[in-house]
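# What the coordinates show
Chain residues, written in single-letter form:
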Amino acid sequence: MNKPHAVELEHIWTYFADQLVHQDISLCLEEGEILGLVGASGSGKTTLMREIIGLETPSKGTLKVLGEQVQESCATECRKRRNQTGVLFQNGALFSALSVFDNIAFPLRELGINDETLVKQMVCMKLAMVGLDSQAAMRSPSELSGGMVKRAALARALILEPELLLLDEPTSGLDPIASEDFVTLLRQLHQELNFTVVMITHDLHILRDLCSKVAVLADHQLIAFDTLEKVLSCEHPFIKLFFHNHRAERVFNALEVNHG
Ligand SMILES: Nc1ncnc2c1ncn2[C@@H]1O[C@H](COP(=O)(O)OP(=O)(O)OP(=O)(O)O)[C@@H](O)[C@H]1O
């Protein structure tokens, strides 16, 4: 039996004034899947993610997230869905005036959880999960390395134990080692918590090692949505450019060898 869908886009069209961004995009992501969203700059990846979060409304089409139709949700349903969705923005988007601890605690306090013992317990659990110690928790975001900022932002995104995690270029700005560590962390957390992930990424290693599905936006359309192996065999010029250059071939050769 198929798993329930975590994200369902049906015939999504998006215009900003008369500028077409998305033309008839449909896809279904099952619970527990990890989707890598790829596309050239300006192809509408961020807009699609903002639509899934509910920060932007498509011009046409139906968008269902965690079983609820986003456009028809009342305020209570919107709040509930927001609490079930964790977001990691590209630069971490931590509040610079708050310590790492208070950043991670922020969604709890916003929900009205003021029992400080409980808040401390929950924050410490998430800190441990992402591999940050209590010293890092007391620092301000500006005192952290790029990798630590991503971990702190991930802890904040996970604090309410979301069913859906949205990640915008989670490894951008990280050196290869910090990037690999972050991918390992994401994989471990996904195995433990089994959330669904939608992530904008151009990181070939993430697409190869982490994503169960890859979606490619080009020419305003979803030109491919499948496993990486199937996407690699598409003939579209953007796919050739992005997935079949020398660097990509080196990363994906291992995949082709592994899968015969
Ligand atoms: N709020 C907005 N109002 C008007 N135009 C917008 C708005 N948001 C995005 N756009 C336009 O929509 C198009 C898609 O933008 P979007 O940020 O979704 O692309 P992207 O694929 O995420 O790009 P990048 O990889 O550069 O971040 C762009 O032409 C952008 O200028």
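Scroll up a little and you will see the structure.
Described in the following lines is the structure provided in the data block. (Residues numbered from 1 in each chain as written. Predicted model: local features only at pLDDT ≥ 70, side-chain atom pairs only at ≥ 80, totals over all residues. Heavy atoms only, no water.)

### Some thoughts on the overall build of the chain
As a reminder of what qualifies: To qualify as a helix, a DSSP run of H or I must reach at least 4 residues; to qualify as a strand, a run of E must reach at least 2; elements of each kind are numbered from the N terminus. A radius of gyration in this sense is built from C-alpha atoms; the matching globule rule multiplies 2.2 Å by the number of residues raised to 0.38. Using a 1.4 Å probe on the protein chains alone, a residue whose accessible area is under 20% of its type maximum counts as buried, one over 50% counts as exposed, and one in between counts as partly exposed.
Summing up its helical and strand segments, the chain has 11 helices and 10 strands in all. The globule rule puts the C-alpha radius of gyration for 260 residues at 18 Å, and the 19 Å found for the chain is close to it. Seen through its principal axes, the chain has C-alpha atoms that stretch 55 × 45 × 40 Å. Sorting the 260 residues of the chain into buried and exposed places 46% on the buried side.

### Let's talk about the site of the ligand
Quick reminder of the rule: Any residue with at least one heavy atom within 4 Å of a molecule or strand is counted as near it. Pairs of N or O atoms within 3.5 Å make up the polar contacts considered here, provided that, within protein, one atom can donate a hydrogen while the other can accept it, and that residues adjacent in sequence are counted only when both atoms are side-chain atoms. Accessibility throughout is a Shrake-Rupley quantity obtained with a 1.4 Å probe, and a residue counts as covered only by protein chains that appear here. Basically, the charged four are Asp, Glu, Lys and Arg, the nonpolar ten are Ala, Val, Leu, Ile, Met, Phe, Trp, Tyr, Cys and Pro, and anything else, Gly included, counts as polar.
Around the ligand sit Phe16, Gln19, Val21, Ala40, Ser41, Gly42, Ser43, Gly44, Lys45, Thr46 and Thr47, and those are all the residues in its vicinity. Within the side chain of Gln19, one N or O atom sits 2.8 Å away from an oxygen atom of the ligand. Within the side chain of Ser41, an N or O atom sits 2.6 Å from an oxygen atom of the ligand. Protein burial of the ligand: of its 630 Å² of free accessible surface, 56% is covered by the chains. Taken together, the elements giving at least two residues each to the shell around the ligand come down to strand S2 (19–30) and helix H1 (45–53). Top contributing element to the shell around the ligand by residue count: H1, with 3 residues. Tallied by class, the residues present in the shell around the ligand amount to 3 nonpolar, 7 polar and 1 charged.

### Digging into the pattern of salt bridges
Put simply, the rule reads: What counts as a salt bridge is simple: a side-chain nitrogen of Lys or Arg found within 4 Å of a carboxyl oxygen of Asp or Glu.
Taken as a whole and assessed by the stated rule, the structure comprises 7 salt bridges. Arg208 is the partner of Asp209 in a salt bridge, and the nearest nitrogen-oxygen pair spans 2.7 Å. Residues participating in the shared-partner salt-bridge network are Asp102, Arg109 and Glu116.

### Notes on unusual backbone geometry
Positive phi, close to 45°, is recorded for Glu169, a residue that is not glycine. Mapping Glu169 onto the fold places it in the loop between strand S7 (164–168) and helix H7 (176–193). Taking relative accessible area as the criterion, Glu169 reaches 14% and is therefore assigned buried. For Asn194, which is not a glycine, the phi torsion comes out positive at approximately 55°. Along the chain, Asn194 turns up in the loop between H7 and strand S8 (196–200).

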